[in-house]
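# Fold and geometry: a report
In case you want the letters, here they are:
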Amino acid sequence: MVQLVGSLRKEVAESLSTCRVLVVGAGGIGCELLKNLVLTGFKNIEVIDLDIIDVSNLNRQFLFQKKHVGKSKAQVAKESVLQFCPTANITAYHDSIMNPDYNVEFFRNFMLVMNALDNRAARNHVNRMCLAADIPLIESGTAGYLGQVTVIKKGLTECYECQPKPTQKTFPGCTIRNTPSEPIHCIVWAKYLFNQLFGEEDADQEVSPDTADPEASWNPAETEARAMASETDGDIKRVSTKEWARSTGYDPAKLFNKLFKDDIMYLLTMDKLWKKRKAPLPLDWHQLESQGSRRPQGEVKAVGLKDQQVLGVWGYCQLFQHSIETLRSELQEKGDGAELVWDKDDAPALDFVTAAANLRMHIFSMTMKSRFDIKSMAGNIIPAIATTNAIIAGLIVMEGLKVVSGELESCRTIFLNKHPNLRKKLLVPCILDPPCANCYVCASRPEVTVKLNVLKTTVLALQDRILKERFGMVAPDVNIEDGKGTILISSEEGETDANNGKFLSDFGIRNGSRLQSDDFLQDYTLLINVLHAEDLEKDVEFEVVGDAPDKAPPPPSNQEDASSIANGNKDSAQPLRPRPIMDPSGDWTDWFGTGGCDARYCNS
Amino acid sequence: MIDMIAKEDPIISEEEAAQYDRQIRLWGLDAQKRLRGSRVLLVGLGGLGAEVAKNLILAGVKGLTMLDHEKVSQESCRAQFLVPVTAQGENRAQASLERAQYLNPMVEVRAQAERAEDQPDDFFLQFDAVCLTCCSRDLMVRVDQLCSKHNIKVFCGNVYGYYGYMFSDLGPEYNYVEEKPKMVKPSGDTNDGPKAKKAKVDPNETTMVKKTASFCSLKEALEVDWTTEKAKAGLKRTPVDYFLLHVLLKFRTDKGRDPAPQSSGEDARLLRQIRDDVLESMGLNRELLSDDFVSYCFSEMAPVCAVVGGVLGQEVVKALSQRDAPHKNIFFFDGRKGNGVVDYFGPQ
C-alpha cells in the first residue's frame, strides 16, 4: 500500500507543496479554484485580476461578502483564503494580465497556469505567453449550466487558437440605422446613440438614417445623389450629433422629435425600403405627452421584479426624458470635453438605453422589452451560478494534479452537460487533440492570408482591427517585406503615429505583399500575406482567407472518449467530438468588444 | 412540503434582486421564490457537506440546518473551508456555522451538534429536503423511507478519495416544469397591401411544459437483483462504480467510518475482502471490480468534493424549485478518469 497524505501519494503531495502556480482571474471560477487548490495542498499560488467586487458577484464568488463590494477581487480572495488556510503562500495582483510586466520570464516561474477568465482577448494572450514560456495551461469556461476544461501544452496539444472561433457578431450599418427587424438592432442603436450624445463619438456608430443604403435606391446614381444631398442637408448630417444636442441644451423633447419623428419621416421617404417591410411609424413628443397625462397611471402590481415590467410608450418617453436630464448633469459636472462611458450597472445609462431602444422598437412594430431583458442584451450578461463553477474548478484541479505528477498523457478535455448524453454521461472526457499544423499561433512559422482593399485600409485599421482585435496582439510591430524592411507600425508610443491615417497602398503595399508582424511580449511573429480585393461586402473591412464563415468548426473525426467506466464497454460507435459552440445564450455574443464571457461549451 | 403552488410573499426585495440577479436570469424568478421558501437539512459537514452547504446557502434557501456529531480533526482542516484552523476538537457543524452564515446573511443557517441516528422521526419532517452525507447505509435507508412517505425530497452522497456519488429520491410522483422555446406560427398574408416582413423568433419566447418523474427508494436502488437474465444483460452497460459503492457502504457499516489514511494498509486489505464478499453475494464475478480502486478511495479529495457537491447542490436546487429534469437516480464521479455518469437503479 503506497504512503498517502490524505488521498494523494506522498510524492505528489510533496511536489504540490513546493510548486508555484498562477491563477488568472478571481471571479466565479477563480474563487472556487483558489479554494480547491489550497485544500488539495498547493502551497504557492499567485492570483491576478483587474476587477473589483460587485454585488451581483455574491451569488457565486463566495470568497466575497457584501462589505467587500468595491474592493479588489484578487486582494480579497487572498485574504479570505488565508482565513481557512493561513499557511498558504498567496500573492495577489490587482492588475491586468496583459500588462507587459508579466512577460515570458514571469510566466516561466510557474509549473502550471490556470485560466479563470471571461473574455477572449485575455485568453488569447495567456495562450501565447504560455506557449512562449512552454508552461502547461489549463483553460476553462462556464455559462449557465454548462462548462468545459481543457489542457494546453506546447507541442503536445492544440493551443487555444488552433481551432478558429467565430468572431463576434456585428450587424450591418444600414440594419442598425435604417431597417432594424429585431430588438437587438434597436438596442445596439441605442448604445450608439448614448456614445454619440454622451460618450466617445465613433464614426462607426452612426445613428442617423443611412442615405447610402444600397437597398434604398432604385439605381446607383440615385444612391450617389442621396449621399450628396445629405452632406448639404443640415438636418441629417452636417454637425455632429453631440454638437447638435449641446446646441439644444440636451432638450429631451427636441432630441425625441429629431430621433423618433424627423429621422423616421426621412426614412419613410426612402420608399424602396418599405416595399416589402412594415414601415416605421413616427412618434410625436407633444402628442404623446397630452395622451399620456390624460390616461390614468394604472396600479403597478409588483408581483415580479420591478425591472421585469414593460412600461407603455409614454412611460418610456418619461424614462427617456429623466435619463437625459441626469446624464446631462453628469456631463456638466465633469466639465469641458467630458465623456461618459456606458456601463450596464450605471442606472441612468441603462435607463437611457432601455428607453431609446424601446421607443425605436415600438416605432418599428416590435414588442417592447423590460429593463431586465434589455440589461441582459445590452450588457452581454451571461447567467451564472455557483454549482457550475464549483464543478469546473474541481475538474481544473484534477487535471492540474495530472500535470504536476508528470502525467500529461492522461489529461483530458472535459465537457459538463446540463443533462446526461445518450451514453449516460454528464461529464464527458475527451482525448486532447494534437496541435494544428497550420495554426496561425502555435505553428513553427505562422502565416496567414488576409483579403483587404489596400487603397482603403489605413495603417491604424491594420493595427487595431486586424492585428489587435482579430489576431490578438497587444503591442504589434510591423515591417514590410519589401527588401528594405520598411517599418509600418512600431509598438513604441508615438513613433509611427504619422502613419496611422495613411492607406497601405501609400507604402507600396499591394496584392502579394508580405507583412511581418511581431508582438515581442507574446514572443509571437505572424507573417501576413496581403490579398488585394475591391469586392468585399459592405461593412466588411477584411477577411481572413481559410476562415469558415460564422459557424462552429466541423467536428474532427477520430475522437474517442477516454475508456469508459462501464464494465467491458466495447461500444462500436465512437461518439463525435462535441463541437465547441461559442454562443452561450444562443444570440448574445460580444457585440461591443467590452469583454463578457465567451465560454466554449457543448451540449452533446 | 412544496406543491405546484407559488410561495407566499410574492415580493422579492431589491437586495435579493441585486444579489441573485445572475441566477434569476438563469432559472427565473419563480424558481428563486420557491428556493426562498425552502428549508433544508444537511447531515455531515465533511468536505462534501461543506460544498453542499455553500452551494445551497448561496442559492438562497430559506433555511439550512447543519447536523453533525463529529469533531473537527486535523483532517477536517484540510478537507473543508468553513471550519477555522483554531477549531480543532470542536463540533464540526458548530465550527462551520459562522463562515457558513457569512456566505449569505439572508439565509437562516443553524448548527446542531447531534447524531442523525438519535433524531426522532418528527425532526426530519420539518424540512422540504434532506441531504445525507457521511451516513451509514442503514441510516440513509431509514431516513429515505420516512421522508419519502411525507413528500420530503431525499438526497444522499459521499466522497471516497477520487470517487464520489449522489443519489436522489424525489418520490413516486415528482412534478416539475421545463422551459421550451415557443413554436412560431407561420405568418399568413395580411389583408392590406404590402406583406409585412416577419420578425425573427424572439429568443425570449418560451413556454413552460409540465412533466412528471418517478423515483424509487434507496433500498430498492441498492437491492437490485443481478441474478436475473435481464440484469445480467444490462451489466455490460452498468457503471462499475455502483459495485464500488456497495463495497464502501459495507466498509462503513463494518468499521463505523470510511477508509482512512492512518490505517491504509489494514483498510486496503479489508476493502479487497469486502469486494470479494459483496460481489459473491450478488452472484457476480469478483473481477468485475479490479484491485485498482483500493489505492484511490482514501480520505475526501477536495476537488472531488467540489464536483460531487456541485452536482448534488444543483439537484437540490432543481428539486426545490421544481424546474428542469432531475438526474435519475444515481450520479457517479470517477476523478481518475474525469467521468461523470448518471444511471437508474431500481425497479423499472
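Cut-offs and rules
- Residues take numbers from 1 onward in each chain, read along the sequence in its written order.
- Whichever chain is written first is A, and whichever ligand is written first is 1; the rest continue in order.
- In keeping with the predicted nature of the model, local features appear solely for residues at pLDDT of at least 70, side-chain atom pairs appear and are counted solely at 80 or more, and the whole-chain, interface and lining totals rest on all residues.
- Excluded from the side-chain calculation are hydrogens and water; included are all heavy atoms of the structure.
- Helix numbering and strand numbering both begin at the N terminus, where a helix is a DSSP run of H or I of at least 4 residues and a strand a DSSP run of E of at least 2.
- Only protein chains enter the accessibility calculation, which uses a 1.4 Å probe; a residue is then buried when its area is under 20% of its type maximum, exposed when over 50%, and partly exposed in between.
- The contact criterion used is simple: two residues touch if any of their non-hydrogen atoms lie within 4.5 Å.
- A 1.4 Å probe and the Shrake-Rupley method give the accessible areas. Residues count as covered only by the protein chains that appear here.
- In this analysis, the expected span of each helix is defined as 1.5 Å times one less than the number of residues it contains.
- A pair of strands is labelled paired if DSSP reports no fewer than 2 bridges between them.
- Each axis is a line fitted through C-alpha atoms, and for a helix only the stretch in contact is used; angles between axes span 0 to 180 degrees, taken between their N-to-C directions.
- Along the arc lie the directions from the helix axis toward the C-beta atoms.
- Aromatic rings from Phe, Tyr and Trp, taking only the six-membered ring of Trp, are treated as a pair when their centres fall within 6.5 Å; an angle between ring planes under 30 degrees marks them as stacked, one over 60 as edge-to-face, and anything in between as tilted.
- Look at NZ for Lys and CZ for Arg. If either is within 6 Å of the ring centre and within 35 degrees of the ring normal, a charge sits over the ring.
- Small angles under 35 degrees read as roughly parallel and large ones over 145 as roughly antiparallel, with 65 to 115 read as roughly perpendicular and the rest as oblique.
- Only Asp, Glu, Lys and Arg are considered charged, only Ala, Val, Leu, Ile, Met, Phe, Trp, Tyr, Cys and Pro nonpolar, and every remaining residue, Gly among them, polar.
- What counts as buried area is the accessible surface, traced by a 1.4 Å probe, that two parts surrender upon association, with contributions from both included.
- A pairing counts as a salt bridge when a side-chain nitrogen of Lys or Arg comes within 4 Å of a carboxyl oxygen of Asp or Glu.
- What we call a nonpolar core is a set of buried Ala, Val, Leu, Ile, Met, Phe, Trp, Tyr and Cys residues that are connected through their side-chain atoms within 4.5 Å.
- Here the limits of each domain have been adopted from an automatic or database domain assignment.
- Identification of polar contacts relies on pairs of N or O atoms within 3.5 Å, with a donor-acceptor requirement for protein atoms, meaning one able to donate a hydrogen and the other able to accept it, and with residues adjacent in sequence counted only if both atoms are side-chain atoms.

### Re the overall build of chain A
- Helices and strands together make up the secondary structure of chain A, namely 17 helices and 16 strands.
- A buried classification covers 55% of the 604 residues belonging to chain A.
- Residue pairs in contact within chain A that sit at least 24 positions apart in sequence constitute 68% of those at least 6 positions apart.
- As displayed, chain A has an accessible area near 25,900 Å², and 50% of this comes from carbon and sulfur atoms.

### Some details on helix α2 (residues 21-36) of chain B
- Its 16 residues place the ends of α2(B) only 14 Å apart at the C-alpha level, less than the 22 Å of an ideal helix rising 1.5 Å per residue.
- Taken across its 16 residues, α2(B) has 14 buried, putting it largely inside the fold.

### Re the sheet that holds strand β16 (residues 542-544) of chain A
All names here are of chain A.
- One open sheet holds the six strands; their spatial order is β13-β12-β14-β15-β11-β16, and the pairing between them is mixed. Of all strands in the sheet, those with a lone pairing partner are β13 (487-489) and β16, marking the two edges. Across this sheet, the average inter-strand angle for adjacent strands is 30°, counted without regard to direction.
- Note that strand β14 (residues 514-519) and strand β15 (residues 524-532) share six bridges and pair antiparallel. In the sheet register, serine 517 faces β15, and the bridge partner there is leucine 526.

### Some details on the environment of A:Gly379
Residue and element names in this part refer to chain A.
- Along the chain, glycine 379 falls in the loop between α15 (371-378) and α16 (386-404).
- The exposure class assigned to glycine 379 is buried, which follows from its relative accessible area of 17%.
- For the pair glycine 379 and aspartate 345, spaced 34 residues apart in sequence, the C-alpha to C-alpha distance is 8.5 Å.
- Those residues in contact with glycine 379, other than ones at most four positions away along the chain, are Trp342, Lys344 and Ile374.

### Regarding helix α12 (residues 285-294) of chain A
Residue and element names in this part refer to chain A.
- Turning to α12, its buried residues number three or more, namely Trp285, Leu288 and Gly292. Down the axis of α12, the buried set is contained in an arc of 65°. They therefore lie on one face. Across from the buried face of α12, at angles greater than 90 degrees, the exposed residues are Gln287 and Arg294.
- The elements touched by buried residues of α12 are α11 (252-269) and α13 (313-334).

### Quick notes on the packing of aromatic side chains
- For the structure on display, the rule yields 30 aromatic pairs over all chains.
- On the basis of an interplanar angle of 5° and a centroid distance of 4.0 Å, the ring pair of B:Tyr242 and B:Phe345 is categorised as stacked. Of the two residues, B:Tyr242 sits in helix α10 (residues 241-255) while B:Phe345 sits in the segment after β10 (339-343), which places them 103 residues apart along the sequence. Across the pair, B:Phe345 and B:Tyr242 agree in class, each one buried.
- Counting every residue linked through ring pairs, the aromatic cluster contains A:Trp189, A:Phe194, A:Phe198, A:Tyr250, A:Phe256, A:Phe260, A:Trp285, A:Trp314, A:Phe320 and A:Phe352.
- Across from the ring centre of A:Phe372, 3.9 Å away, lies the NZ or CZ of B:Arg25, which sits over that ring.
- Geometry around A:Phe62 places B:Lys54 over its ring, the cationic atom sitting 5.4 Å from the centre.

### Focus: the packing of α15(A) against α2(B)
- The contact between α15(A) and α2(B) brings their axes to 12 Å, and the two run at 105°. By the angle class used here, α15(A) and α2(B) are roughly perpendicular. Here A:Phe372, A:Lys375 and A:Ser376 of α15(A) lie close against α2(B), whose contacting residues are B:Asp21, B:Ile24 and B:Arg25.
- Each residue belonging to the contact of α15(A) with α2(B) can be placed in one class, and the counts come to two nonpolar, one polar and three charged.

### Digging into the interface of chain B and chain A
- Contact residues are listed per partner, giving 84 residues for chain B and 74 residues for chain A.
- Between chain B and chain A, the buried area comes to about 6,800 Å², and carbon and sulfur atoms account for 60% of it.
- When the buried surface of chain B facing chain A is broken down by residue, B:Arg22, B:Arg25 and B:Leu26 rank first, second and third, together holding 12% of it.
- Put simply, chain B and chain A have five salt bridges between them.

### Looking at the nonpolar core
- In terms of nonpolar packing, the biggest core is built from 167 residues, with A:Phe42 and B:Phe243 touching the most fellow members.
- Per-domain counts for this core show at least three residues from each of domain 1 (14-173 + 301-342) and domain 3 (219-296) of chain B.
- Excluding its chain neighbours within four sequence positions, the residues that come into contact with A:Phe42 are A:Leu16, A:Cys19, A:Val21, A:Leu37, A:Val397, A:Leu401 and A:Val404.
- Counting residues in hydrophobic clusters, the runner-up holds 59 residues, among them A:Ile187, A:Met270, A:Leu283 and A:Leu359.

### Points about the domain arrangement of chain B
Residue and element names in this part refer to chain B.
- Domain parsing of chain B yields domain 1 (14-173 + 301-342), domain 2 (175-211) and domain 3 (219-296).
- Each of domain 1 and domain 2 was reduced to a C-alpha centroid, and the two centroids are 39 Å apart.
- Taken residue by residue, the interface counts six residues in domain 1 and six residues in domain 2.
- Together, the buried faces of domain 1 and domain 2 total about 570 Å²; carbon and sulfur atoms form 41% of this surface.
- Among the residues domain 1 hides against domain 2, the three largest losses belong to Glu173, Gln322 and Arg323. Together they make up 64% of the total.
- Taken together, the connections running from domain 1 to domain 2 amount to one salt bridge.
- Of the charged contacts in the structure, one is a salt bridge between glutamate 179 and arginine 323, with a shortest N-O distance of 2.5 Å.
- Where domain 1 meets domain 2, there are four residue pairs in polar contact (both at pLDDT 80 or more).
- Residues belonging to the side of domain 1 that touches domain 2 are distributed by class as follows: two nonpolar, one polar and three charged.

### What about unusual backbone geometry?
All names here are of chain B.
- For the bond from lysine 328 to asparagine 329, the omega torsion is -20°, close enough to zero to count as cis.
- Turning to its location among the elements, asparagine 329 is positioned in the loop between α12 (302-321) and β9 (330-334).
- Even without being glycine, glutamine 322 reaches a positive phi, approximately 55°.
- Within the secondary structure, glutamine 322 sits in the loop between α12 and β9.
- Given the relative accessible area of 4%, glutamine 322 is considered buried.

### With respect to the environment of B:Ala93
All names here are of chain B.
- Within the secondary structure, alanine 93 sits in helix α5 (residues 92-103).
- A relative accessible area of 0% places alanine 93 in the buried class.
- Residues alanine 93 and aspartate 138, 45 residues apart in the sequence, show an inter-C-alpha distance of 22 Å.

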